[in-house]
Amino acid sequence: QVQLVESGGGLVQPGGSLRLSCVASGITLDYYAIGWFRQAPGKEREGVGCFSSSDGNIYYADSVKGRFTISRDSAKNTVYLQMNSLKLEDTAVYYCAAPDFPSCRVRGSYYYGMEYWGKGTLVTVSS
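This text gives an overview of the structure that appears in the document. Being a predicted model, the structure only gives us computed values, none of them experimental.

1. Topic: the sheet that holds strand E8 (residues 78–83)
Spatial ordering of the open sheet is given by E1-E3-E8-E7, a layout of 4 strands whose pairing is antiparallel. Where the open sheet ends on each side, the last strands, each with one partner, are strand E1 (3–7) and strand E7 (68–73). With strand direction ignored, the average angle separating the axes of adjacent strands in the sheet is 20 degrees. For E7 and E8, the ladder comprises 6 bridges, and the chain directions are antiparallel. Residue pairing for E8: Ile-70 is matched across the bridge by Leu-81.

2. Quick look at the packing of aromatic side chains
Enumeration according to the criterion identifies 5 aromatic pairs in this entry. Judged by centre distance (5.8 Å) and plane angle (65 degrees), the ring pair of Phe-37 and Tyr-111 falls under edge-to-face. Here Phe-37 is found in strand E4 (residues 34–39), whereas its partner Tyr-111 is found in strand E11 (residues 110–112), with 74 residues between them in sequence. The rings of Phe-37, Tyr-95, Tyr-110, Tyr-111, Tyr-112 and Trp-117 are connected pair by pair, giving a single aromatic cluster. Between Arg-105 and the ring centre of Phe-101, over which it is positioned, the NZ or CZ distance is 3.7 Å.

3. Considerations on unusual backbone geometry
Despite not being glycine, Asn-77 shows a phi value in the positive range, around 50 degrees. Owing to a relative accessible area of 15%, Asn-77 belongs among the buried residues under this scheme.

4. Regarding the state of the cysteines
What the rule picks out here adds up to 2 disulfides. The disulfide partner of Cys-22 is Cys-96, and the gap between their sulfur atoms is 2.0 Å. On the sign convention where negative means left-handed, the S-S torsion of about 70 degrees between Cys-22 and Cys-96 marks this disulfide as right-handed. In this pair, Cys-22 is assigned in strand E3 (residues 18–25) and Cys-96 in strand E9 (residues 92–98), connecting sequence segments 74 residues apart. Across the pair, Cys-96 and Cys-22 agree in class, each one buried. Between the sulfur atoms of Cys-50 and its disulfide mate Cys-104 the distance is 2.0 Å. Torsion about the S-S bond of the Cys-50 and Cys-104 cystine: about -95 degrees, corresponding to left-handed handedness. You can see Cys-50 sitting in strand E5 (residues 46–51) and its partner Cys-104 sitting in the loop between E9 and strand E10 (105–107), a full 54 residues away along the chain.

5. Some remarks on the environment of Gly-26
Its place among the elements puts Gly-26 in the loop between E3 and E4. In this structure the C-alpha to C-alpha distance between Gly-26 and Gln-3, which are 23 residues apart in sequence, comes to 6.4 Å.

6. Notes on the side chain of Arg-67
Examined against the element boundaries, Arg-67 turns out to sit in the loop between strand E6 (58–60) and E7. A polar contact is formed between the side chain of Arg-67 and the backbone oxygen of Ser-63, at a distance of 2.8 Å. Polar contacts involving the side chain of Arg-67 include one to the main-chain carbonyl oxygen of Ser-85, which spans 3.0 Å. Apart from residues no more than four positions distant in its own chain, Arg-67 is found in contact with Gln-82, Met-83, Asn-84, Ser-85, Leu-86, Lys-87 and Asp-90.

The rules behind these values
Residues numbered from 1 in each chain as written. Predicted model: local features only at pLDDT ≥ 70, side-chain atom pairs only at ≥ 80, totals over all residues. Heavy atoms only, no water. Pairing = 2+ DSSP bridges. Helix = DSSP H or I, 4+ residues; strand = E, 2+ residues; numbered from the N terminus. Axes fitted to C-alpha atoms, helices over the stretch in contact; angles between N-to-C directions. Phe/Tyr/Trp six-rings, centres within 6.5 Å; stacked < 30°, edge-to-face > 60°. Lys NZ or Arg CZ within 6 Å of the ring centre and 35° of its normal. Buried < 20%, exposed > 50% of the residue type's maximum accessible area, 1.4 Å probe, protein only. Disulfide = S-S within 2.5 Å. Polar contact = N/O pair within 3.5 Å; in protein donor to acceptor, adjacent residues only side chain to side chain. Contact = heavy atoms within 4.5 Å.

See below:
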């Protein structure tokens, strides 16, 4: 059974930092792509970034490029989303997801083919 569990969300001030974790079970993340998504209230879900296990390529949405970083700890079967210089507009529920293949399928700022999803963790950026 595949499970993805996000954690690390919470309240942070603008300009602050937060690190989200996505712990996987039932799959080994070394062989899967992993995507981070977010959904703000009243808005569609959008891609934040995606890590391709096949070649190590990492993709980021323009809105977070230079501020967010995806990394993987194989020993812990965990993927992280480090978020720095947080802005009010970063407020959203953040999800991790994985497809049944090791490469990110990128179309614009979205990553397709995700089969497994976590339940999300809420990030609130507010002063």
